[in-house]
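# Inside the fold
Now for the letters of each chain:
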Amino acid sequence: MIGRLTGTLLEKTPPTVCVDVNGVGYEVDVPMSTLYALPETGARVTLYTHMVVREDAHLLFGFASQAERAAFRQLIKITGVGARIALALLSGMSVAELSQAVTLQESGRLTRVPGIGKKTAERLLLELRGKLGADIGATPHAVPDSQSDILNALLALGYSDKESQLALKQLPEGVSVSDGIRLALKALVR
């Protein structure tokens, strides 16, 4: 099993990079988050890897951090989630955002990622509960229910996760759901 590669970055052709390790070029599929974190070609790079051996191919997936690799490994254990969907999920959200979505049981955040439908999102929330590190021991009430409802409403209206989170931070403590949505929409329009 290949667990880590350190070498010279030869090529970046999303979603694949090529790393030269002592004269051997390894083609590694990476999530976009890792691709953006990589230096320019010709620089030295280290990737944490996960190798998949199939009857028709040997595939290597690379990650900038061990947390990303651990999340990837948890994702591919879930029925109906293959390596491509796991990469898409890690490209669409950070490990911290994924963990928060699982903790708060917010399927709307997961369905925003291409390739993740409602049923897959619900399966992810169910099977990842307590397995991503940050959500272990946390309760869904870590964020008040009203704020979770407001966040889901903003996401359903088409606002990005980042915009919605920023609007939530501007709301007063203990605001009701209807007032919170109204205030958040006013803040987002500015």
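Source: prediction; values computed, not measured. (Residues numbered from 1 in each chain as written. Predicted model: local features only at pLDDT ≥ 70, side-chain atom pairs only at ≥ 80, totals over all residues. Heavy atoms only, no water.)

A separate point is the confidence of the model for the protein. Averaged over every residue, the pLDDT of the protein is 86; residues scoring 70 or more account for 93%. Segment residues 135-143 is flagged for pLDDT under 50; beyond a separation of four residues in sequence, or across chains, it makes 16 contacts in the model. (pLDDT = per-residue confidence, 0-100. Contact = heavy atoms within 4.5 Å.)

A few words on the domain arrangement of the protein. The domain boundaries assigned to the protein delineate domain 1 (4-63), domain 2 (66-136) and domain 3 (146-189). Using C-alpha coordinates to define each centre, domain 1 is positioned 22 Å away from domain 2. Every contact between the two is made by eleven residues of domain 1 and, on the other side, eleven residues of domain 2. When domain 1 packs against domain 2, close to 1,100 Å² is buried across both sides, 63% of that on carbon and sulfur atoms. (Domains from an automatic or database assignment. Buried area = accessible area lost by both parts, 1.4 Å probe.)

Another point: the packing of helix α2 (residues 66-76) against helix α3 (residues 83-92). Running from amino to carboxyl end, α2 crosses α3 at an angle of 135 degrees, the nearest separation of the two axes being 9 Å. Compared by their axis directions, α2 and α3 come out oblique. Handedness of the crossing formed by α2 with α3: right-handed. Contact with α2, carried on its side by Glu68, Ala71, Phe72, Leu75 and Ile76, involves Ala83, Ala86, Leu87, Leu89 and Leu90 of α3 and no other residues of that element. Residues of the contact of α2 with α3, tallied by class, amount to nine nonpolar, no polar and one charged. (Axes fitted to C-alpha atoms, helices over the stretch in contact; angles between N-to-C directions. Helix = DSSP H or I, 4+ residues; strand = E, 2+ residues; numbered from the N terminus. Parallel < 35°, antiparallel > 145°, perpendicular 65-115°, else oblique. Left-handed = near helix turned anticlockwise from the far one by under 90°. Nonpolar A, V, L, I, M, F, W, Y, C, P; charged D, E, K, R; others polar.)

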